[in-house]
Amino acid sequence: MTSLLDIQDLTITYRGARGHVPAVRGVSFSLQAGETIGIAGESGSGKSTLGMSLLRLLPKETKVEGELLFNGEDILTMKFGRLRAVRWSGASMIFQGAMHALNPVHRIGQQIAEPIEVHNPSMGAKAVSSRVTELLDQVGLPAWRAENYPHELSGGQRQRVMIAMALACDPELIIADEATTALDVMVQAQVLQLLRDLVAERQMGLIMISHDLSVLADMCDRVAVMYAGQIVEVGQGHAMFTAPRHPYGAALGSAFPVIGDPEARRNPRGLAGDPPVPTDLPSGCPFHPRCPVARDDCSTTVPELLPVKAPDEDLRRSACLVAQDGQSIRPSSPVPPTSTQEPVT
Ligand code: ADP
Ligand code: MG
């Protein structure tokens, strides 16, 4: 069966005045129809670059290598006309900060209608208008909101409008990049629930990008943790959170210990130091300078992403020499080097 999305060894390098920036390095995963995957990682780990590459939204001088198949079709070599069709009716993207993405001088209804009209030129005005009403209803907004301008809506309502626009052409895949990060916690929970319901109802694929592992663990079938442009751990959403098998995944989990907790969001714990800059990566494992369980060989050996023992054994892979040796990695950080304790759940 053809996967909805098949990514093999994707490597993305920005090329600009300040030289080459390797932002994504050898990422591989596939996604089936109706499946959800979360991409977690600190700022700068390459999440947005990965997300944008799926719709070829990166600056044109960016070098993209590897394979990117959407329903078996090669995104990287696709003709522009076909790509445009895929961008709305195949896969669509929801960004952070809906206020900037919406046009301040156009009414909401008009903005939701636009992609519908572009992709269904023969559709009459009445049919378009009833489709807009239907979409507003699906995202929990009354029909009269179509007459509003973006500034007349709250942040959460604007994010709902963005979701309605993303749904307008019935995509098979939605890519949500920090789509709820700017919202306060209650509204974030509502919008996440809405996304979850819509994805389940329509059997859509979802790639959800966030720095907050707890949100992803709650939302997604699978979670991949990125560090310095690579996937360093991947597994089943909840098990990744409760039984991490990479010290970076463990640190991310303990930075946001409670799903959606406002205090943890303001004050992430357990992540000492800064991620490396892509142009100056450490030798060996890129996480070793910050790693509480690093051994001598971690600074010389680049760990591969390999299967490790975990509650979700069939899915879990970790790019950590310590985890690959079967030593346990506690979800709280820092982890003492001699720790043999079982994961705290
Ligand atoms: P994330 O979304 O995880 O915060 P990004 O994908 O935005 O990470 O960025 C990954 C790396 O690529 C960062 O080091 C960032 O500075 C760099 N980067 C992002 N956009 C550009 C660009 N247009 N030109 C050069 N470097 C970039
Ligand atoms: Mg980003």
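Residues numbered from 1 in each chain as written. Chains lettered and ligands numbered in written order. Predicted model: local features only at pLDDT ≥ 70, side-chain atom pairs only at ≥ 80, totals over all residues. Heavy atoms only, no water.

An unreviewed UniProt entry annotates the protein chain as ABC transporter ATP-binding protein originating from Nesterenkonia sedimenti. What the UniProt record of the protein chain gives under Subcellular location (unreviewed entry) is the line "Cell membrane". We quote the UniProt Sequence similarities (unreviewed entry) comment for the protein chain here in full: "Belongs to the ABC transporter superfamily." (UniProt positions renumbered as here; feature names shortened; annotations may be inferred.)

This part takes up the overall build of the protein chain. What the protein chain contains, in helices and strands, is 12 helices and 12 strands. Taking 2.2 N^0.38 as the reference for a compact globule, 345 residues should give roughly 20 Å; the C-alpha atoms of the protein chain span a radius of gyration of 21 Å, in line with that estimate. With respect to the three principal axes, the spread of C-alpha positions in the protein chain is 70 × 40 × 40 Å. In the protein chain, buried positions account for 51% of the 345 residues. Taking the intrachain contacts of the protein chain between residues at least 6 apart in sequence as the baseline, contacts between residues at least 24 apart amount to 65%. If you average the places of the 30 positive and of the 38 negative side-chain charges in the protein chain, the two averages end up 4 Å apart. (Helix = DSSP H or I, 4+ residues; strand = E, 2+ residues; numbered from the N terminus. Rg over C-alpha atoms; globule rule 2.2 N^0.38 Å. Buried < 20%, exposed > 50% of the residue type's maximum accessible area, 1.4 Å probe, protein only. Contact = heavy atoms within 4.5 Å. Lys, Arg positive; Asp, Glu negative; His and termini not counted. Charge placed at Lys NZ, Arg CZ, Asp CG, Glu CD.)

Bringing the site of ligand 1 into the picture now. In the neighbourhood of ligand 1, the contacting residues comprise Tyr-14, Val-21, Ala-23, Glu-42, Ser-43, Gly-44, Ser-45, Gly-46, Lys-47, Ser-48, Thr-49 and Pro-278. Here an oxygen atom of ligand 1 and a backbone polar atom of Ser-45 are 3.2 Å apart. Within the side chain of Ser-48, one N or O atom sits 2.8 Å away from an oxygen atom of ligand 1. Contact with the protein chains covers 64% of the free accessible surface of ligand 1, which is 560 Å². (Near = heavy atom within 4 Å. Polar contact = N/O pair within 3.5 Å; in protein donor to acceptor, adjacent residues only side chain to side chain. Areas by Shrake-Rupley, 256 points an atom, 1.4 Å probe, with all protein chains shown as cover.)

One can describe the packing of helix α4 (residues 108–119) onto helix α5 (residues 125–138) by two numbers: an axis separation of 9 Å at closest approach and a directional angle of 115°. Considering their axes alone, α4 and α5 lie roughly perpendicular with respect to each other. Seen from above, α4 lies across α5 with right-handed handedness. Facing Ile-108, Gly-109, Ile-112, Ala-113, Ile-116 and Glu-117 of α4, the residues of α5 in contact are Val-128, Arg-131, Val-132, Leu-135 and Leu-136. (Axes fitted to C-alpha atoms, helices over the stretch in contact; angles between N-to-C directions. Parallel < 35°, antiparallel > 145°, perpendicular 65-115°, else oblique. Left-handed = near helix turned anticlockwise from the far one by under 90°.)

Two elements in contact, α4 and helix α6 (residues 155–167), have axes separated by 8 Å at closest approach and are oriented at 25°. On the basis of their axis angle, the class for α4 and α6 is roughly parallel. Crossing of α4 over α6 shows right-handed handedness. Contacts from Ile-108, Gln-111, Ile-112 and Pro-115 of α4 reach α6 at Val-161, Ala-164 and Met-165. Partitioned by chemical class, the residues of the contact of α4 with α6 number 6 nonpolar, 1 polar and no charged. (Nonpolar A, V, L, I, M, F, W, Y, C, P; charged D, E, K, R; others polar.)

Let us now look at the pattern of salt bridges. Summed over the entire model, instances satisfying the criterion amount to 14 salt bridges. Put simply, Arg-295 and Asp-297 hold a salt bridge, and the shortest N to O gap is 2.9 Å. Classification of Arg-295 by relative accessible area gives partly exposed; the value is 27%. Assessed through its relative accessible area of 30%, Asp-297 is described here as partly exposed. Ionic contacts of the salt-bridge type, sharing partners, join the residues Arg-131, Glu-134, Asp-170 and Arg-202 into one network. (Salt bridge = Lys/Arg side-chain N within 4 Å of Asp/Glu carboxyl O.)

Another aspect to go through is unusual backbone geometry. Phi at Asp-9 is positive, roughly 50°, even though this residue is not glycine. The residue Asp-9 is located in strand β1 (residues 5–16) in this model. The partly exposed category is assigned to Asp-9, whose relative accessible area is 47%.

Glancing now at the confidence of the model for the protein chain. Here the protein chain averages 88 in pLDDT, while 90% of its residues score no lower than 70. Note that pLDDT drops below 50 for residues 332–345; the model gives that stretch 28 contacts with residues more than four away or on any other chain. (pLDDT = per-residue confidence, 0-100.)

With burial as the criterion, each face of strand β6 (residues 91–94) is covered, one bearing Ala-91 and Met-93 and the other bearing Ser-92 and Ile-94. Note that β6 and strand β7 (residues 173–177) share 4 bridges and pair parallel. Along β7, the bridge assignment pairs Ala-91 with Leu-173. (Pairing = 2+ DSSP bridges.)

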